[in-house]
Amino acid sequence: MSVLIRRPTGDTLHEMEQDTTLADTTEVDEHDDQIVDELLIEEISIDGMCGVY
Amino acid sequence: MTAVDVPRALLDRALALDPRVALRPEPFGALAYHYDTRRLVFLKHPDVVLVVKALDRHDSVADTLAACEIAPDRYPAFERALSSLIESEVLHDRIG
Amino acid sequence: MTALVERLKGGLEAPICLTWELTYACNLECVHCLSSSGRHDPRELTTDEAKAVLDELQAMQVFYINIGGGEPMIRRDFFELVEYSVSKGIGVKFSTNGAFIGAARARRLSELDYVDIQISLDGADAATNDAVRGKGTYATAIRAMNHLRNAGFGAFKISVVVTRHNVGQLDRFKALADSYGAELRVTRLRPSGRGTDVWDGLHPTNPQQRQVYRWLLAHGENVLTGDSFFHLNALGEENLPGLNLCGAGRVVCLIDPIGDVYACPFVVQDQFKAGSVLDAGGFSQVWKHSELFGDLRRPQSVGACASCGSFDPCQGGCMAAKFFTGLPLDGADPECVWGDGEMALAGVPAGAAPKPMMDHSKPPPPTPVSFGRK
């Protein structure tokens, strides 16, 4: 079986871990500029969550 | 293009929550569910929820943002959010 | 990973939508039935108990519930409960094999607002479908769809569990759905319920999984998946639509026919039981304060997947798939796209995988006994 897609290395995971900590702040503080850039709205399908018939 | 065709700036519009939408508070903000379209929208910040709930008490989006003490440098993000909610049919223009 | 999903992992005030199996009774005996249904359970919730749950769900502002079973239309109070739910502002989608949708019921269903119907089908032709769901079930499903169309129901859903034998039929399923103006839904087979017994030979192979992923990217714009293929997101840059996380105990859960609450319909097992709607404090207490859900809402151990660059899109896959194949929950999914799960499965001793706790399957027909001498 040929592997068509190269599996990413573990480095990507480490970077992602660093990104998520900032996003947890909900208070309006000096991270305001990040909050301004962040999308305040996100739409998802009512069917878009796992664990449902 | 006549004056009628020029889209009114979002800030000038009077908006309201669609009556077919349920808004449920959550720790991060709120969930909005439109019963007819079955669309589900996450309001990802408590300030967005504050603004959405205050819209029908003010004559314009601009007035609402000011009343909710939203800093002007956040207006672009809020305008994007409110436009998105209009597109999702969660919010609509108030008639009268 | 979006900030939203991080917050969702910490739990919500109420489930976004929950699955409620109304009965273990079923007229069918599908080989892969996730709830091992067939026989009614004498402990099933009464109409009043069910309505009390719906009252609670209304108070919690649950928007939408997914009703299933067994075959939910077998319950005598089926319409009563559906109508009660809608009257309380809770939308309903119910999953059915269609055997009980004749002309009259199709008309009755068409008059109901805020009710979605999902017809189960696992083959684009009778041969493929009936091999899994039983003789005549393909025709039954089509008949139900015809009745719904004739009654002007509007868009219903056709829900397909992807198997080794129907992977090549995705285009035909789409065409079938389109011909009825229906929505196609394709979901992942989990080794749950009777699925435990048939999973080895029925679940899609690794190349077939890639086929599903590619098909969904190319044709899946209007195809629902219940976010059940998020483990396949490891294959590419583009995530399939959905929250891309296991919702069990965080955004979804199951209420079973006897009122027990589980993390999701695919883990009906003691370890994943959060409580009962009949306990003091009801469903609300279980959802908000059960120990199990509290555990699931805390960061999960990543374990063996920590060194994999695909962990962010894959999230370690499905808890149920790992549990019922005897794999550790903090390791690779048995269908890990990189083959790590297959490798791990080789190390699981035969017979070591947990057996499903509940089995409401009908007993096999008695073998004929001959009297007298031949």
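Residues numbered from 1 in each chain as written. Chains lettered and ligands numbered in written order. Predicted model: local features only at pLDDT ≥ 70, side-chain atom pairs only at ≥ 80, totals over all residues.

Draft legend 1. Highlighting the overall build of chain C. Scanning chain C for helices and strands turns up 14 helices and nine strands. For 374 residues, the compact-globule estimate of 2.2 N^0.38 gives 21 Å, and chain C sits close to it at 20 Å. Out of the 374 residues belonging to chain C, those deemed buried represent 52%. Restricting the contact set of chain C to residue pairs at least 6 apart, pairs at least 24 apart contribute 69%. (Helix = DSSP H or I, 4+ residues; strand = E, 2+ residues; numbered from the N terminus. Rg over C-alpha atoms; globule rule 2.2 N^0.38 Å. Buried ≥ 20, exposed ≤ 12 C-beta atoms within 10 Å, placed from the backbone. Contact = placed C-beta atoms within 7 Å.)

Draft legend 2. Structural view of the overall build of chain A. Assigned secondary structure in chain A consists of two helices and one strand. Mapped in sequence order, the helices and strands of chain A form the string α-α-β. Looking at chain A as a whole, 23% of its 53 residues are labelled buried.

Draft legend 3. Structural detail: the nonpolar core. Grouped together as the largest cluster of nonpolar side chains are 136 residues, with contacts concentrated most on C:Ile65, C:Val252, C:Cys253, C:Tyr262, C:Cys264 and C:Val267. If near-sequence neighbours (up to four positions away) are discounted, C:Val252 is found in contact with A:Met49, A:Gly51, A:Val52, C:Pro15, C:Ile16, C:Cys17, C:Leu18, C:Thr19, C:Gly247 and C:Cys264. (Core = buried A, V, L, I, M, F, W, Y, C linked by C-beta atoms within 7 Å.)

Draft legend 4. Looking closely at the interface of chain B and chain C. Taken together, the 12 residues of chain B in the interface contact 10 residues of chain C. Listing elements by their share of the side of chain B that touches chain C, those giving two or more residues are strand 2 (21-26), strand 3 (29-34) and strand 4 (39-43) of chain B. Considering every element that reaches the side of chain B that touches chain C, the biggest residue donor is strand 2 of chain B, with four residues. Partitioned by chemical class, the residues of the side of chain B that touches chain C number nine nonpolar, no polar and three charged. (Nonpolar A, V, L, I, M, F, W, Y, C, P; charged D, E, K, R; others polar.)

Draft legend 5. Seen up close, the sheet that holds strand 2 of chain B. Taken in spatial order, the four strands line up as 1(A)-4(B)-3(B)-2(B) in an open sheet, and their pairing is antiparallel. In this open sheet, the two edge strands, each paired with only one partner strand, are strand 1 (41-45) of chain A together with strand 2 of chain B. Each strand axis lies, on average, 20 degrees off the axis of its neighbour in the sheet, ignoring direction. On the sheet, helix 1 (residues 46-54) of chain B packs against strand 1 of chain A together with strand 2, strand 3 and strand 4 of chain B and is oriented at approximately 50 degrees with respect to strand 3 of chain B. (Pairing = 2+ DSSP bridges. Axes fitted to C-alpha atoms, helices over the stretch in contact; angles between N-to-C directions.)

Draft legend 6. Inspection of the environment of C:Glu13 at higher detail. In this fold, C:Glu13 is placed in the loop between helix 1 (3-9) and strand 1 (17-21). For C:Glu13, a count of 16 C-beta atoms within 10 Å puts it in the partly exposed group. Each C-alpha atom of the pair C:Glu13 and C:Tyr138 lies 40 Å from the other, and the pair is 125 residues apart in sequence. Not counting residues up to four positions away in its chain, the partners in contact with C:Glu13 are B:Arg24, B:Pro25 and B:Glu26.

Draft legend 7. Examining the sheet that holds strand 9 (residues 273-276) of chain C more closely. Residue and element names in this part refer to chain C. The nine strands lie next to each other as 6-5-4-3-2-1-7-8-9, forming an open sheet whose pairing is mixed. Strands at the two margins of the open sheet, each flanked by one partner only, are strand 6 (183-188) and strand 9. Direction of pairing for strand 1 relative to strand 7 (residues 254-255): parallel, over a ladder of two bridges. The residue bridging Trp20 from the neighbouring strand is Ile255, located in strand 7.

Draft legend 8. Structural context of helix 7 (residues 170-180) of chain C. All names here are of chain C. For helix 7, every residue scored as buried is listed here: Leu170, Phe173, Lys174, Leu176 and Ala177. The buried side chains of helix 7 occupy one side of the element, clustering within an arc of 160 degrees when seen end-on. Structural note: helix 7 exposes Asp171, Ala175, Asp178 and Ser179 on the side pointing more than 90 degrees away from its buried face. Phi for Gly181, located one or two positions after helix 7, is positive at around 65 degrees. (Arc of directions from axis to C-beta.)

Draft legend 9. A look at the packing of helix 2 (residues 47-59) of chain C against helix 3 (residues 78-87) of chain C. Residues and elements named next belong to chain C. It is at 10 Å that the axes of helix 2 and helix 3 come closest, and there the two elements cross at 20 degrees. Considered as vectors, helix 2 and helix 3 are oriented roughly parallel to each other. Relative to helix 3, helix 2 is oriented so that their crossing is right-handed. When helix 2 is examined against helix 3, the residues Thr47, Ala50, Lys51 and Leu54 are found in contact with a partner set consisting of Glu80, Leu81, Tyr84 and Ser85. Residue composition of the contact of helix 2 with helix 3, by class: four nonpolar, two polar and two charged. (Parallel < 35°, antiparallel > 145°, perpendicular 65-115°, else oblique. Left-handed = near helix turned anticlockwise from the far one by under 90°.)

Draft legend 10. Up close: the environment of C:Leu189. Residue and element names in this part refer to chain C. Summarising the element assignment, Leu189 is placed in the loop between strand 6 and helix 8 (195-202). Assessed through the 22 C-beta atoms surrounding it within 10 Å, Leu189 is described here as buried. As a C-alpha pair, Leu189 and Ser85 span 104 residues in sequence and 29 Å in three-dimensional space. With near-sequence residues (within four places) excluded, Leu189 lies in contact with His32, Val161, Val162, Thr163, Gly195, Trp199, Leu202 and His203.

Draft legend 11. Up close: the packing of helix 5 (residues 126-133) of chain C against helix 6 (residues 137-150) of chain C. Residue and element names in this part refer to chain C. With their axes 7 Å apart at the nearest point, helix 5 and helix 6 run at an angle of 105 degrees to one another. One finds that helix 5 runs roughly perpendicular with respect to helix 6. Residues Ala126, Asn129, Asp130 and Arg133 of helix 5 touch helix 6, and the partners they reach there are Thr137, Tyr138 and Ala139. A per-class count over the contact of helix 5 with helix 6 returns three nonpolar, two polar and two charged.

Draft legend 12. Spotlight on unusual backbone geometry. Of note in this structure, B:Arg38 is not a glycine but carries a positive phi near 65 degrees. Mapped onto the elements of the fold, B:Arg38 is located in the loop between strand 3 and strand 4. Backbone geometry at C:Gln61 places phi at a positive 60 degrees, although glycine is not the residue there. Within the secondary structure, C:Gln61 is located in the loop between helix 2 and strand 2 (64-68).

Draft legend 13. Region of the structure containing the pairing of strand 2 of chain C. Residue and element names in this part refer to chain C. Most of strand 2 is tucked away, with five of its five residues classed as buried. Both faces of strand 2 are covered, namely the face carrying Tyr64, Asn66 and Gly68 and the face carrying Ile65 and Ile67. Sheet topology places strand 2 next to strand 3 (residues 91-96); four bridges connect them, and they run parallel. Looking across to strand 3, one finds that Ile65 is bridged to Val92.

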